[in-house]
Structures are given as structure tokens and as C-alpha cells.
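Report on the structure
Single-letter residue listing:
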Amino acid sequence: MRTIDLRGRSLQTAELLAVVPRAAEARAEALHVAAGIVEDVRERGELALREQAERFDRVTGHAVRVPAAHIEEAVASLTAEVRAALEEAIRRVREASVAQVPAPRVTELGPGARVTQRWQPVTRVGVYVPGGKAVYPSSVVMNVVPAQIAGVQAVALASPPQHNQGGRVHPTILAAAGLLGVDEVYAMGGAGAIGALAHGVGSLGLEPVDVVTGPGNNFVAAAKRAVAGVVGTDSEAGATEILIVADDTADARLVAYDLVSQAEHDEQASAVLVTTSPSLADAVAAEVERVAAATRHSERVAVALAGEQSAIVLVDDEAAAEAFSNAYAPEHLELHIADASASAARYTNAGAVFVGSYAPVSLGDYLAGSNHVLPTGGQARYAAGLGAHTFLRPQQVIEYDRDALAGVHEGIVALAQAEALPAHGEAVAARFAADAQSRTP
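From a predicted model like this one, the values you see are computed outputs, not experimental measurements. Sequence order as written defines the numbering, with residues in each chain counted from 1. Local features are withheld for residues below a pLDDT of 70 in this predicted model, meaning they are given only at 70 or higher, and side-chain atom pairs are given and counted only at 80 or more; totals for whole chains, interfaces and linings count all residues. With hydrogens and water stripped out, all remaining heavy atoms of the structure feed into the side-chain values.

**Here we look at unusual backbone geometry**
In this structure, R58 is a non-glycine residue whose phi angle is positive, near 60°. By the secondary structure assignment, R58 is in the loop between α3 (46-57) and α4 (68-77). The helix and strand labels rest on DSSP assignments: H or I over at least four residues marks a helix, E over at least two residues marks a strand, and numbering proceeds from the N terminus.

Listed below in C-alpha cells is the structure:
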């Protein structure tokens with residue numbers, strides 16, 4: 001991992017944004033490629049999806065729409081241990097997601113004047129579950145459960161066909177879908193799957209969805225940007241990121257394990273340590289080298305850690321660490337600092353904040369009850385992670401009776417005239433014209 005030494009420098013937000021480690025060129029290239037793939041699916045539908053499956057997944061002749069029997073077989077083949085873990089994850093995410101659904105609220109602005117704020121679920125959702133370098137049944141849970149809690153009527157799930165599974169979606173992903181009652185599943189991956197969910201594919205019986213969600217690599221994240229405006233999307237949950245803020249009270253070994261745990265996702269994964277302690281930085285660097293060499297996906301981890309998106313950052317004090325973290329706006333933020341609970345409130349820009357040495361990102365990936373589909377690429381400065389709220393639209397219902405409208409009649413006319421939109425005022429005045437005529441001698 002490279003080192004970025006910011007000690008002795010006082011940087012403003014724009015300057016911090018310029019020095020944070022990002023794989024900017026990779027993201028730009030992904031957007032260009034993904035947009036072309038999405039457009040190909042929009043124009044050629046299933047034919048494009050099959051060509052993409054052959055090109056990217058080495059799969060031909062597969063059932064793109066997954067038969068119900070495949071889902072049933074997958075559920076039946078689950079080991080008791082994995083099934084119990086999935087069911088517990090479902091229970092925890094359900095419980096946490098319920099808290100994300102706002103209750104309707106009625107505001108009485110005066111006699112006969114009422115505005116109701118209500119939250120309406122979208123009708124149909126497309127969920128993307130990655131399946132390239134790893135298997136993500138947990139992402140099925142994280143996407144589907146909040147949609148169900150929100151009241152979404154239909155969920156279509158897409159995941160890449162697997163060469164080593166005869167072109168089927170990975171059975172553990174299918175099993176997770178089956179446990180949640182999802183029976184509309186498609187074996188299609190990457191940017192093409194996002195395009196198919198957004199635009200629909202008639203030959204497959206795939207109707208367009210209202211919202212597309214789910215994590216993936218940078219191409220999946222870029223594809224969401226390409227379909228934005230056609231459908232709603234969650235934040236761009238692209239290649240994973242972890243930023244750890246640590247001081248000299250931190251355990252270098254645990255910090256190293258947590259950095260490596262996220263680097264194993266993908267060669268484009270970002271692993272960043274921000275610390276005030278040069279001695280800790282050296283210790284973590286040594287531990288990362290040891291841990292990375294011993295892990296199963298050591299080659300992938302080595303590429304991610306050596307990339308421009310990963311670094312050890314040295315800063316003068318905790319205030320500088322906070323400023324750097326808030327500028328970076330990581331997907332996952334871990335705090336390995338003294339009195340982490342008291343400091344957590346100052347770290348405002350992060351997809352999720354993991355406080356203390358016993359709250360690793362791995363906990364959030366599986367069984368914390370929080371959602372692991374989170375914004376990447378700095379979007380946590382303005383975007384939220386996935387939740388029931390992702391599938392809800394705030395809607396206002398306005399109810400005014402005659403007397404209530406009369407009470408604001410003159411104000412509406414005055415504002416309409418001020419905006420040079422007199423017909424607006426005339427539309428209100430017309431409702432009282434009959435009364436004025438009846439009072440005319």
C-alpha cells in the first residue's frame with residue numbers, strides 16, 4: 001500500500017477531494033462501456049443478453065428466465081447451517097427495515113385545510129445480485145427484504161449465469177430468493193442486467209421495473225447512471241471501499257484483517273487507513289503484508305492494495321482525520337480510536353459507520369441487521385444506503401373545502417399576478433364567481 005503523508009498541511013475540502021485515493025480512470029472507462037451495453041440490450045433484448053453471457057460469463061444456451069424448479073431445488077439443497085444463518089439475517093434486516101417506514105402524517109393548516117404526507121411504495125423493483133468473483137446470498141436479503149417491508153408488489157431478481165453451474169444462477173443465491181418468496185429470477189449479469197431490468201425484455205416476459213437496486217462492480221454502478229431517468233436507482237454501490245481511522249490505541253492486526261477483508265472483493269476494491277500514528281502505520285503495513293499473503297484470494301487482494309485507490313494516509317490529529325474521512329465519504333467507515341462512540345457523531349459522511357474494534361465491516365455484511373448496499377465513490381456525501389425508504393415515494397394529499405380555499409383566495413391571486421401567471425389566479429377566482437354574480441343587484 002502506498003503512503004500519503006498529509007502531516008503539516010492544512011487542506012480545505014476541495015484540496016482534500018483532490019488527494020483522496022480514487023480509481024478515477026477506471027470509473028470513467030466503466031461509464032463509457034456500460035452505457036453501450038445498456039443501449040445494446042434496449043435495442044436487441046434477449047439476443048444481446050445471450051451474446052453478453054457468452055462474452056463475459058462463458059455461458060451459452062442457458063435458461064435466462066430461471067425455472068421455478070431450479071429455485072425449489074436450490075432451497076432443498078441448502079445446508080442446515082447456511083439456511084439458519086440466512087433466516088437469521090432475514091429476521092434482523094426485517095426488524096431494522098421496519099423502522100425505516102415513516103408513518104403518514106396529517107397537518108391541519110386551518111379549518112377545512114388539510115395536507116397529508118404519505119409514503120407510497122413503487123409497484124415493481126429490479127434487484128441485482130453480483131455473482132462473479134464471489135457469491136452474495138446476503139445481497140438477496142439486503143435488497144429484497146426492505147422492498148417487501150416497503151410494500152412493493154413485485155420483485156424481479158437478476159444474477160449472472162455461472163459457467164461452473166451449467167449456466168444457472170448460483171444455487172445459494174437462488175435459495176435465498178426462494179426463502180423470501182421471489183420467483184421471478186433471471187440469469188443475466190453486469191450492465192446488461194441493469195439495462196434489461198430498466199427497459200424490459202419482451203421475449204423473456206420481463207416487464208420494466210420502477211426502481212433498480214443492488215451492488216456490483218464499477219460497470220454495474222455505471223449502468224445505473226446510464227438508466228437513471230428511465231427508472232429510479234439506489235446510490236451507485238460500486239466496487240467496495242473501506243476507510244479505517246485509527247490511532248495508537250488500535251490493534252494493528254485487526255486493522256489489517258479488516259482492510260484485507262474488503263480488498264478480497266475485487267481488484268478495484270479500495271482499502272484506506274487514516275492514522276495519526278506513524279508507528280501504527282508501519283505495524284499495519286507489516287500485518288497487511290502477512291495477512292494478505294495467507295488469505296485465499298491473495299492475488300486479488302494484492303492488486304487491490306497496490307492500486308491507486310488504496311493507501312495509508314498520515315495526518316496530524318483527529319480533526320484532520322475527521323476532515324479527510326468526511327471528504328472521502330467512504331462506503332464503510334471503521335473507527336479504531338480512543339472513545340470511538342463519542343467521536344462517531346463527527347464523522348458525518350459515510351455509508352455506514354462501524355464503531356470500535358468489535359464492529360467490523362464483516363458484521364454489517366451479514367448479521368448486524370443494517371443494510372450492506374451502500375454508496376461508493378464519494379456519494380455518501382449526499383446519498384443514503386439501501387433501505388425501505390429506497391422503495392417509497394413521499395406523496396402529498398391536499399384537501400381544502402370551500403371556506404378554506406376562500407381564506408387564501410386573495411393571496412393566490414396576488415402571487416399569480418406577481419409571477420405573470422394570471423390564469424392560476426383566475427382558476428381560483430372562478431370557484432367564487434357564481435357567488436359574486438348572485439350578489440349582483
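**Some remarks on a nonpolar patch on the surface**
Together, L109, I398, Y400 and V408 make up an exposed nonpolar region whose accessible area comes to about 380 Å². Tracing the backbone shows I398 in strand β14 (residues 392-400). Note that patches include only residues with greater than 30% relative accessible area and no salt bridge, and the join distances are 9 Å for like charges and 5 Å for nonpolar side chains (Val, Leu, Ile, Met, Phe, Trp, Tyr). Shrake-Rupley sampling with a 1.4 Å probe provides the accessible areas, and residues are treated as covered by the protein chains on show and by no other component. Salt bridge criterion: a side-chain nitrogen from Lys or Arg within 4 Å of a carboxyl oxygen from Asp or Glu.

**Topic: the UniProt feature "active site" (unreviewed entry) in the protein**
UniProt positions are given in the numbering used here, feature names are shortened, and annotations may be inferred rather than shown by experiment. The UniProt entry lists E331 and H332 under the feature "active site" (unreviewed entry), expressed in the numbering used here. By secondary structure assignment, the location of E331 is in the loop between α13 (318-328) and β12 (332-336). Buried residues are those whose accessible area, probed at 1.4 Å on protein chains only, stays under 20% of the maximum for their type, while exposed residues exceed 50% and partly exposed ones sit between those limits. Owing to a relative accessible area of 5%, E331 belongs among the buried residues under this scheme. Contacts are assigned to residue pairs that have any heavy atoms within 4.5 Å of one another. Those residues in contact with E331, other than ones at most four positions away along the chain, are A239, T240, E241, A350, G351, A352, H372, L374, P375 and T376. By the criterion applied in these results, polar contacts are pairs of N or O atoms within 3.5 Å in which, for protein atoms, one can donate a hydrogen and the other can accept it, and in which residues neighboring in sequence qualify only through two side-chain atoms. A polar atom in the side chain of E331 sits 2.8 Å from the side chain of T240. Its location among the elements puts H332 in strand β12. Polar contacts involving the side chain of H332 include one to the main-chain carbonyl oxygen of E241, which spans 2.7 Å.

**Brief notes about the sheet that holds strand β3 (residues 113-121)**
Strand pairing is assigned whenever DSSP detects at least two bridges linking the two strands. If you trace the three strands from one edge of the open sheet to the other, you get β2-β3-β14, paired in antiparallel fashion. Since the sheet does not close on itself, it has two edges, and those belong to β2 (105-110) and β14, each with one partner. On average, adjacent strands in this sheet sit at an angle of 20° to one another, irrespective of strand direction. As paired elements, β2 and β3 share five bridges and run antiparallel to each other. Axis lines are fitted to C-alpha atoms, over the contacting stretch for helices. Their N-to-C directions set the angle, which ranges from 0 to 180 degrees.

**Comments concerning the packing of aromatic side chains**
What describes a pair of aromatic rings is the distance from one ring centre to the other and the angle between the planes of the rings. Note on aromatic contacts: the rings of Phe and Tyr and the six-membered ring of Trp form a pair at centre separations within 6.5 Å, being stacked when their planes are under 30 degrees apart, edge-to-face when over 60 apart, and tilted otherwise. Per the counting criterion, the structure on display carries one aromatic pair. Summarising the aromatic geometry, the rings of F324 and Y328 are spaced 6.4 Å apart at their centres and angled 20° between planes, so their arrangement reads as stacked. Placement of the pair is F324 and Y328 together in helix α13, with a separation of four residues, close to one helical turn. The pair formed by F324 and Y328 is uniform in burial state, with each residue classed as buried.

**Re the nonpolar core**
Judged by nonpolar contacts, the single largest core of 41 residues is most densely connected at V140, V144, L157, V182, V185 and F391. Elements that contribute at least two residues to this core include exactly α4, α5 (80-98), β4 (124-128), α6 (137-150), β5 (154-159), α7 (171-179) and β6 (184-187). Counting residues per element, this core draws most heavily on α6, at seven residues. The term nonpolar core refers to a set of buried residues drawn from Ala, Val, Leu, Ile, Met, Phe, Trp, Tyr and Cys, joined through side-chain atoms within 4.5 Å.

**Section: the UniProt feature "binding site: Zn(2+)" (unreviewed entry) in the protein**
In the numbering used here, UniProt assigns the "binding site: Zn(2+)" (unreviewed entry) feature to Q262, H265, D365 and H424. Spatial dispersion of the annotated residues is evident: they stretch over 163 residues in sequence, and the largest pairwise C-alpha distance comes to 56.3 Å. Assignment of secondary structure puts Q262 in helix α10 (residues 252-263). In this structure Q262 touches T240, I242, A269, H332, V361 and D365, once residues within four positions along its chain are discounted. In this fold, H424 is placed in helix α17 (residues 422-438).

**A look at the environment of L17**
Here L17 is to be found in helix α1 (residues 13-19). For the pair L17 and P161, spaced 144 residues apart in sequence, the C-alpha separation works out to 38 Å. If we skip the residues at most four places from it in the chain, L17 touches A327 and R381.

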